[in-house]
Amino acid sequence: MEESMEEEEGGSYEAMMDDQNHNNWEAAVDGFRQPLPPPPPPSSIPASAREPPAGQLLAVPVVSVDRKGPKEGLPMGPPPPPEANGVIMMLKTCDAAAAVAKAAPAPTASSTININTSTSKFLMNVITIEDYKSTYWPKLDGAIDQLLTQSPGDYIPISYEQIYSCVYKCVCQQHSEQMYSDLIKKITNHLERVSKELQASPPDLYIERFNIALGQYMGALQSIVPLFIYMNKFYIETKLNRDLKDDLIKLFTEHVAEKHIYSLMPLLLEAQSTPFQVTPSTMANIVKGLYTLRPEWVQMAPTLFSKFIPNILPPAVESELSEYAAQDQKFQRELIQNGFTRGDQSRKRAGDELAYNSSSACAGSRGYR
């Protein structure tokens, strides 16, 4: 009986505590459900309460929650009454912040434009036409001068990476047309000076100097064309439908070769008839160079060109073999008339050596026996 009474007392105590907590929870809910009273008119609120000083934080009531109560996560007591002017205070705080922002000096239009302009110029790395003429083209002009005047095998102290970078930047900034025009004008002026120097050359030095000018220019193209390859790809080939190397070779043809071909060809034919008057390497370079510049010039001296370029003459036919033999005999007679008897002396020495070796072999064989 005692145990049952104790259990009943314990159960009644727990029930009583549950009822008390439930009543407290309902009271808290009813407190939150009550409508807010209307805000008082602004005139009745003191100025100190309407506009808090700058930098002061609003005090927000905090509801303490005890996580160890019988109903975990619910407040243990009735909540504090809501602030009647909480919304007004928040709005006034926002108004104060806006007033502070208005009090700060606004940036002028000129400063904003300057910042945007400098930023965009920095990001895009704009190269104006004045920058091109004063900074970029002078670098290219100096490098082209050195390449056009270098001798074969000379070392040129220029930065190919820097020159290629200049070309790349100018093409990206839409200066391709101006750069191409400047390049053509630069090389044209150089070739006109070369042509004048050749015209002043004496006949005995004319062939050799033409060979030097041709070789020097073709060697320079091997460096100039790769440096301007970006301009060639994105301007000359796409917009002009041409190739930079072909254009530069055409310049030499028009300003040098065409002006001197009728003076050069008779000297080449004369040098051909006199063996070793001009070195074979010089003759080969000039003939091959002229054929590269304009293949139609073969018709001026087909026999001369056929000696250095294959398939120039038509194929031989059996009916013309006697004519070929007559030409070879004529050439041999001309060599003999000019004192070239080296072939006969060589055959004589070869015969003497053969006879000496035979007699030595016979003497050796007799001695061995």
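Rules and cut-offs
- Residues numbered from 1 in each chain as written.
- Predicted model: local features only at pLDDT ≥ 70, side-chain atom pairs only at ≥ 80, totals over all residues.
- Heavy atoms only, no water.
- Axes fitted to C-alpha atoms, helices over the stretch in contact; angles between N-to-C directions.
- Helix = DSSP H or I, 4+ residues; strand = E, 2+ residues; numbered from the N terminus.
- Parallel < 35°, antiparallel > 145°, perpendicular 65-115°, else oblique.
- Contact = heavy atoms within 4.5 Å.
- Nonpolar A, V, L, I, M, F, W, Y, C, P; charged D, E, K, R; others polar.
- Salt bridge = Lys/Arg side-chain N within 4 Å of Asp/Glu carboxyl O.
- Expected span 1.5 Å × (residues − 1).
- Bend = angle between axes of the 7 residues up to and from the residue.
- Polar contact = N/O pair within 3.5 Å; in protein donor to acceptor, adjacent residues only side chain to side chain.
- Core = buried A, V, L, I, M, F, W, Y, C linked by side-chain atoms within 4.5 Å.
- Buried < 20%, exposed > 50% of the residue type's maximum accessible area, 1.4 Å probe, protein only.
- Left-handed = near helix turned anticlockwise from the far one by under 90°.

## Focus: the packing of helix H7 (residues 176–199) against helix H9 (residues 229–240)
One can describe the packing of H7 onto H9 by two numbers: an axis separation of 10 Å at closest approach and a directional angle of 95°. Taken together, the axis directions place H7 and H9 in an arrangement best described as roughly perpendicular. Residue-level inspection shows Ser176, Glu177, Met179, Tyr180 and Leu183 of H7 in contact with H9, the latter providing Met231, Tyr235, Ile236 and Leu240. The residue makeup of the contact of H7 with H9, split by class, is seven nonpolar, one polar and one charged.

## So, the pattern of salt bridges
Taken as a whole and judged by the stated rule, the model has five salt bridges. Taking the shortest distance from any N to any O, the salt bridge between Asp141 and Lys186 comes out at 3.3 Å. Placement of Asp141 in helix H5 (residues 129–149) and of Lys186 in helix H7 is noted, with a sequence separation of 45 residues between them. Asp247 is paired through a salt bridge with Arg242; the nearest N and O atoms lie 3.1 Å apart.

## Some remarks on helix H10 (residues 244–273)
Given a rise of 1.5 Å per residue, 30 residues ought to cover 44 Å, yet the end C-alpha atoms of H10 are separated by just 38 Å, more than 12% below that figure. At Ile261, H10 is deflected by roughly 60°, the largest bend along its length. Measuring from the backbone nitrogen of Lys245 back to the side-chain oxygen at the start of H10 gives 3.0 Å, which picks out Asp243 as the cap.

## Comments concerning the nonpolar core
Residues Met179, Tyr217, Phe228, Met231, Leu248, Leu268 and Leu290 are the most contacted members of the largest nonpolar core, which totals 64 residues. Those elements that provide at least two residues to this core are H5, helix H6 (160–172), H7, helix H8 (203–227), H9, H10, helix H11 (280–293) and helix H12 (302–306). It is H10 that contributes the most residues to this core, 12 residues altogether. Beyond its immediate sequence surroundings of up to four residues, Met179 is in contact with Tyr132, Trp137, Leu140, Val167, Cys170, Val171, Phe228 and Met231.

## What to know about the packing of H7 against H10
H10 packs onto H7 with a crossing angle of 25° between their chain directions and a minimal axis gap of 9 Å. Between H7 and H10, the angle is such that the two are roughly parallel. Handedness of the crossing formed by H7 with H10: right-handed. Contacts from Tyr180, Leu183, Ile184, Ile187, Thr188, Leu191, Glu192, Ser195, Leu198 and Gln199 of H7 reach H10 at Leu244, Asp247, Leu248, Leu251, Phe252, His255, Val256, Lys259 and His260. When grouped by side-chain class, the residues that make up the contact of H7 with H10 number 11 nonpolar, five polar and three charged.

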